[in-house]
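Analysis of the macromolecular model
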Amino acid sequence: MTINALTPRPVDDRAEAVLPGLRQMFSMGRTKPLQWRLDQLSAIEAMCDEQEPAIAQALAEDLGRPPVEAWLGDIASTKGEAAYARKHLKKWMRPSRRPLPMAQLPGRGWVQYDPLGVVLVIGPWNYPFYLSMAPLVAAVAAGNCAVLKPSELAPATSALLAELVPKYLDAQAVQVVEGDANTTQSLIAQGFDHVLFTGGTEIGRKIMAAAAPTLTPVTLELGGKSPVIVTADADLDVAARRVAWVKLLNSGQTCIAPDYVLADRAVVDTFTEKVVESIAAFRSEESDKGQRIVNQRQFDRISGLIQATTGRIVTGGGTDVSTLAVDPTVIRDPSPTDPVMADEIFGPILPILAVDSTDAAVQFVNSRPKPLALYVFTNSQRLGRELVDAIPSGGAVINHVAMHCLVPQLPFGGVGASGMGQYHGRWGFEALSHRRAVLAKTAKPDLKLTYPPYTDRAIKIMRKVF
C-alpha cells in the first residue's frame, strides 16, 4: 500500500460517506454505556468461536496458513484480547480520584476516560484478522464508533471481515470499508479522532503525513529488525527451537519475528546446527520445502536478499516462482552491509552472526534503528536484565520470542522507527480514550482577596497559598 499525502487522489465515495453517519451516531451517546461496550466485546469472542473455520479458510487463501497457525496467530489471540477487556472494562472505566493541593480545597479532582469519537483502524495483510480486530477491541472498549479498513493484499480475509463485522457487532456504530491505498487516503483525509495503523515503517511515515492536515492523532505499530542475542550460557536447545518456531510462523511474515541472531562465538556453531535441526524437524511432515510468500513483489524482494548475500547459506536458499515459495533459509555471517541486514526481512530467512562479547552485541544493535522487539537467551537473570536495559526496543522477551504480544496485561508497541504509541489490554483502552481532568469546586467559600484590585496584604497571602 502506498500513500502520498502531497499528490491529489481520486475521491472514494465510500470513504466520504461513512464518517458523518458515525459522528451522528456517536453524538447520540450510543457507544458510551458500559453494556454496549461489553456486548461488542462478547460479540467478538463469539465471532472467533463460531467462525473459526471460515476465518482459517480465508487465511489459507490469502497466506497459505495452516489451520493451527490461523487459530494461534489470529483467532485465539483476538479472542484473548476481547475476553480480557470484557472482564476488566468496568474497572478501567471508573473515574480515578486525585488529591488536591491545599489551595484548591474544598473541592474534588478526578480523571475520567472519555471516548474519543470515531476511530479508524487500518489493518495489515500479514495477520489480517488479528491485527484488524485487536485494535477494534480497544476502540469499542473505549466506547468509540469505528471504521475498519482491512488490507487489500489479503482479499479473502478483507471480504470475510466485511461480511462478519456487521453481523456480530453494532453495524450502526462499527463499519468496514474495503479498498486500496486511495480508499485509505480518502478515509484519513476526512479527519477521524484517531488512526491506528499496523504496517511497515515507510507506509507509517505516509500515514502520519496524511493525518497531519487534520491534526489526527495516530498510533503506528510498525516493524524493524528485531534481534536475538544468544549468550554463551544460554540453553541452546531451547533457544534454537523457539527462534526457529517463531521464525517459520506465517513464513516469517511477522512484525515481531526474530530478524537476525547475534550468538556468542563460543556457541554460534552449535546454535546454528540446532536451528537447522529444528527447522528440519518442524518441516518434516511438509510435502513442499518452501513457504508461501504473500505476493510476487514480496517474493522477488526476499529472493533478492538470498541472491545478494555474502554470507554462507547453511540450509535452504531455494525459491519457486511458480508457487511464490521460499525455502526456510539460514545464512551464517553475512556482511552487516548486506541487503539482508539492512531492512526488515519479513520472510523465512534467518541470518546468524558471531559476536565476541555481549558488549559487541549491544554495540551492534544500538548502532541501528530501534527495533520493535528484543530477544535475549541466557541462563543468567542478571545478564538478561542488563541486556534489556542496555538496548532500547519496543518490547523485550528473555528466553523466548514474540510471546509478549500474547499478554494483554502488557503494552504492545514500538519506539522510534518501529512505532509510536501502544495498545493491548488497558493500554489500548487508554490509547483510544481521552484522559480527562475534572475539578469540582464548591461555591463557598469565595475569598474576595483573590479578585482585583489586589492589596499588598492580598498579594502576600496569595503568594503563600498559591
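Residues numbered from 1 in each chain as written. Predicted model: local features only at pLDDT ≥ 70, side-chain atom pairs only at ≥ 80, totals over all residues. Heavy atoms only, no water.

Labelled according to an unreviewed UniProt entry, the chain appears under the name Aldehyde dehydrogenase, originating from Mycolicibacterium anyangense. Quoted verbatim from the Sequence similarities (unreviewed entry) heading of the UniProt record, the comment on the chain is "Belongs to the aldehyde dehydrogenase family." (UniProt positions renumbered as here; feature names shortened; annotations may be inferred.)

Within the chain one finds 15 helices and 21 strands. The C-alpha extent of the chain, read off along each of the three principal axes, is 85 × 50 × 45 Å. Sorting the 466 residues of the chain into buried and exposed places 52% on the buried side. Taking the intrachain contacts of the chain between residues at least 6 apart in sequence as the baseline, contacts between residues at least 24 apart amount to 73%. Per element, the accessible surface of the chain, about 20800 Å² overall, is 54% carbon and sulfur. Counting 47 positive and 47 negative side-chain charges, the chain places the averaged centre of each group 14 Å from the other. (Helix = DSSP H or I, 4+ residues; strand = E, 2+ residues; numbered from the N terminus. Buried < 20%, exposed > 50% of the residue type's maximum accessible area, 1.4 Å probe, protein only. Contact = heavy atoms within 4.5 Å. Areas by Shrake-Rupley, 256 points an atom, 1.4 Å probe, with all protein chains shown as cover. Lys, Arg positive; Asp, Glu negative; His and termini not counted. Charge placed at Lys NZ, Arg CZ, Asp CG, Glu CD.)

Further remarks concern a negative patch on the surface. Taken together, Glu-285, Glu-286, Asp-288 and Asp-320 make up a surface patch of like negative charges. Looking at where Asp-320 falls in the secondary structure, it is placed in strand β12 (residues 319–320). (Patch = residues over 30% accessible without salt bridge, like charges linked within 9 Å, V, L, I, M, F, W, Y side chains within 5 Å. Salt bridge = Lys/Arg side-chain N within 4 Å of Asp/Glu carboxyl O.)

Let's shift gears to the pairing of strand β17 (residues 395–398). Of the two faces of β17, the one lined by Gly-395 and Val-397 is fully buried and the one lined by Ala-396 and Ile-398 carries no buried residue. Where strand β16 (residues 373–377) meets β17, 4 bridges bridge the pair, whose relative direction is parallel. Directly across from Ala-373, in β17, lies its bridge partner Gly-395. Taken together, β16, helix α13 (residues 381–390) and β17 form a β-α-β motif whose crossover is right-handed. (Pairing = 2+ DSSP bridges. Right-handed = clockwise from strand over helix to strand, strands pointing away.)

Time to look at the UniProt feature "active site" (unreviewed entry) in the chain. Mapped onto this numbering, the UniProt entry annotates "active site" (unreviewed entry) at Glu-221 and Cys-255. These annotated residues cover 35 residues of sequence, but their C-alpha atoms sit close together, with the largest distance between any two at 9.0 Å. Along the polypeptide, Glu-221 turns up in strand β7 (residues 218–221). Owing to a relative accessible area of 2%, Glu-221 belongs among the buried residues under this scheme. Each residue touching Cys-255, except ones within four places of it in the same chain, is listed here: Asn-126, Leu-222, Gly-224, Ser-226, Glu-344, Phe-346 and Leu-372.

Within the open sheet, the 7 strands sit side by side as β11-β14-β15-β9-β8-β16-β17. Their pairing is mixed. Of all the strands in the sheet, the pair left with one neighbour each is β11 (312–315) and β17. The sheet shows a mean angle of 25 degrees between the axes of neighbouring strands, direction not considered. Here helix α10 (residues 268–282) sits on the sheet in contact with β8 (227–230), β9 (260–264), β11, β14 (329–332) and β15 (349–355), set at roughly 165 degrees to β15. (Axes fitted to C-alpha atoms, helices over the stretch in contact; angles between N-to-C directions.)

We now examine the environment of Leu-215. With respect to the helices and strands, Leu-215 occurs in the loop between α8 (201–211) and β7. For Leu-215, a relative accessible area of 74% corresponds to the exposed category. Between the C-alpha atoms of Leu-215 and Leu-447, which are 232 residues apart in sequence, the distance is 41 Å.

Before going further, it helps to spend a moment on helix α6 (residues 155–168). Between the first and last C-alpha of α6 there are 20 Å, a value that for 14 residues agrees with the 20 Å anticipated at 1.5 Å per step. Burial in α6 covers these residues: Ala-156, Thr-157, Ser-158, Leu-160, Leu-161, Leu-164, Val-165 and Tyr-168. Where α6 is buried, its residues contact α2 (34–50), α3 (52–63), α5 (130–141), β4 (145–149) and β5 (174–176). (Expected span 1.5 Å × (residues − 1).)

Soluble, globular proteins show a tendency: their nonpolar side chains are buried together. Met-133, Val-165, Leu-169, Val-230, Ile-256, Val-261 and Phe-271 are the most contacted members of the largest nonpolar core, which has 112 residues in total. The element contributing the most residues to this core is α5, with 10 residues. Structurally, this core is a two-domain feature, drawing no fewer than three residues from each of domain 1 (17–223 + 420–438) and domain 2 (227–392). Apart from residues no more than four positions distant in its own chain, Val-230 is found in contact with Leu-236, Val-261, Leu-262, Ala-263, Asp-264, Phe-271 and Phe-377. Tyr-260, Ile-306, Ala-361 and Val-365 belong to the second-largest nonpolar core, a separate cluster that totals 26 residues. (Core = buried A, V, L, I, M, F, W, Y, C linked by side-chain atoms within 4.5 Å. Domains from an automatic or database assignment.)

In total, this model carries 5 aromatic pairs according to the counting rule given. Put simply, the rings of Tyr-84, Trp-92, Tyr-113 and Phe-429 touch in pairs and so form one group of aromatic residues. (Phe/Tyr/Trp six-rings, centres within 6.5 Å; stacked < 30°, edge-to-face > 60°.)

Attention shifts here to the UniProt feature "domain: Aldehyde dehydrogenase" (unreviewed entry) in the chain. The feature "domain: Aldehyde dehydrogenase" (unreviewed entry), as annotated in UniProt, sits at residues 29–437 in this numbering. A distance of 20 Å separates the end C-alpha atoms of residues 29–437, which is 41% helix and 21% strand.

Below, the discussion takes up the pairing of β15. Every regular strand shows the same layout, with side chains that alternate between the two sheet faces. Among the 7 residues that make up β15, 7 are buried, leaving the element largely enclosed by the rest of the structure. The side-chain alternation of β15 yields two buried faces, one formed by Ile-349, Pro-351, Leu-353 and Val-355 and the other by Leu-350, Ile-352 and Ala-354. Relative to β15, β9 runs parallel, the two sharing 4 bridges. Residue Ala-263 lies in a different strand from β15, and its bridge partner there is Ala-354. Bridging between β14 and β15 involves 4 bridges; their strand directions are parallel. Following the sheet pairing, Ile-331 is matched in β15 by Pro-351.

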